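Each chain is listed here by its residues.
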Amino acid sequence: MRGDTPLPGEHAGGDVSLAGYTTLRLGGPATGLVVAESSEQLASAVRAADAGGHRLLVLGGGSNVVVADEGFAGHVVRIATRGRHYDSVGDGMVQLTVEAGEDWDEVVADTVRQGLGGLECLSGIPGLTGATPVQNVGAYGIEVSEPLVSVDLLDRRTGQIRTVAAEELGLTYRSSVLKRSEAAVVLRVRFLLHDGGRSAPIRYGELARVLGVEPGERVDVAAAREAVLRLRRGKGMVLDVDDHDTWSAGSFFTNPIVPAGELPEVLRRIAGRVGADERIPQFPADGGTKLSAAWLIERAGFGKGYPGPGGRVRLSTKHTLALTNRGAATTRDLLLLAREVRDGVRAAFGVSLEPEPVLVDCSLQ
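Residues numbered from 1 in each chain as written. Predicted model: local features only at pLDDT ≥ 70, side-chain atom pairs only at ≥ 80, totals over all residues. Heavy atoms only, no water.

Concerning the pairing of strand β7 (residues 93-99)
With respect to burial, β7 is a largely interior element, six of its seven residues being buried. Bridging between strand β6 (residues 84-90) and β7 involves six bridges; their strand directions are antiparallel. Paired with Ser-88 across the two strands is Val-94, which belongs to β7. The antiparallel pairing of β6 with β7 creates a hairpin that spans two residues between the two strands, and Asp-91 there sits at a positive phi of about 55°. Looking at chain direction, β7 and strand β12 (residues 184-194) are connected through seven bridges and run antiparallel. Note that in β12 the partner of Glu-99 across the bridge is Arg-188. (Buried < 20%, exposed > 50% of the residue type's maximum accessible area, 1.4 Å probe, protein only. Helix = DSSP H or I, 4+ residues; strand = E, 2+ residues; numbered from the N terminus. Pairing = 2+ DSSP bridges.)

Have a look at this one:
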């Protein structure tokens, strides 16, 4: 594939490392790279790749992707589109339309400056706006699926652009019909927010305690954002070039959902290891009961800072759910640590952890 005809506006590959385009700072080269700065350029590059039968990776902020050391044997289109605008729709509601390449946290910060509530609890999450519905990004008691109205998609099968309502995206816990699918590319996203300067109801217990309110109360949007950022910084979940605990893909594993029929045996195994008196974090979820992946990882013997090969990768020293590059790691190092953690949790508790990032030309098998 490395001898393919270049795409329009493409930089030659080989020496273009994808590590520079991911928050893990890992990954080898691609055949070529297009940086799409408009939705028209983005659509044109994707259509050209599809028409030519080229293998294609559409890359956003690189915060939820793990790229093989060997790189990607195909073309990369990096989304760098910009633009957002607000439209009043009445009854105290405002629709926000955002191009896919906008930095997500900058968008959230702008809504807070505008006194609009709905996105503030999603502050500090790295990546681009177009990725948020793909992953159904969520944190501190809210998911993107709640304020999401619709997305504009480039349908790669037809080459046409269409608007798709949120309810048609199959949005579930950290997933959607768009995730791990190459059938469509998100061009822009729309959210419905409320004015008046008040947050969405604060549901997450830890956040409510920090804010000094009862769950369900609303607070000033700026106060909610600052509290979320403070909590995320304490867990190494706000990007900082000088802090290797943030050289990660965020939460590496999703919280497992255990079916009702399997839950008693899982809880028995957990209690046998940690003691019957320790509270096991568990929450109702579609399809069963959600357990805390971070809690399971730590109780399986993988504490904060647990090292992988040569100490080049470690679990974050602040949060056991993040696998981090300490500066000289390889993707192979990272995957070896991920396998060790996954297999250790399975052996201890009979629970299988699934990776949250998209694995590009690599796997945990």
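Considerations on the side chain of Asp-155
Following the sequence through the fold, Asp-155 ends up in strand β10 (residues 148-155). Polar contacts involving the side chain of Asp-155 include one to the main-chain amide nitrogen of Arg-157, which spans 2.9 Å. Beyond its immediate stretch of four places on either side in the chain, Asp-155 contacts Gln-160, Arg-162 and Ala-183. (Polar contact = N/O pair within 3.5 Å; in protein donor to acceptor, adjacent residues only side chain to side chain. Contact = heavy atoms within 4.5 Å.)

Description of the UniProt feature "active site" (unreviewed entry) in the chain
With numbering matched to this structure, UniProt assigns "active site" (unreviewed entry) to Arg-174, Ser-251 and Glu-356. On the basis of their most widely separated C-alpha atoms, the annotated residues across 183 residues gather in one place, lying no more than 11.0 Å apart. Mapped onto the fold, Ser-251 is located in the loop between α5 (221-234) and β13 (257-258). Here Ser-251 is in contact with Met-237, Leu-321, Glu-356 and Pro-357, once residues within four sequence places are set aside. (UniProt positions renumbered as here; feature names shortened; annotations may be inferred.)

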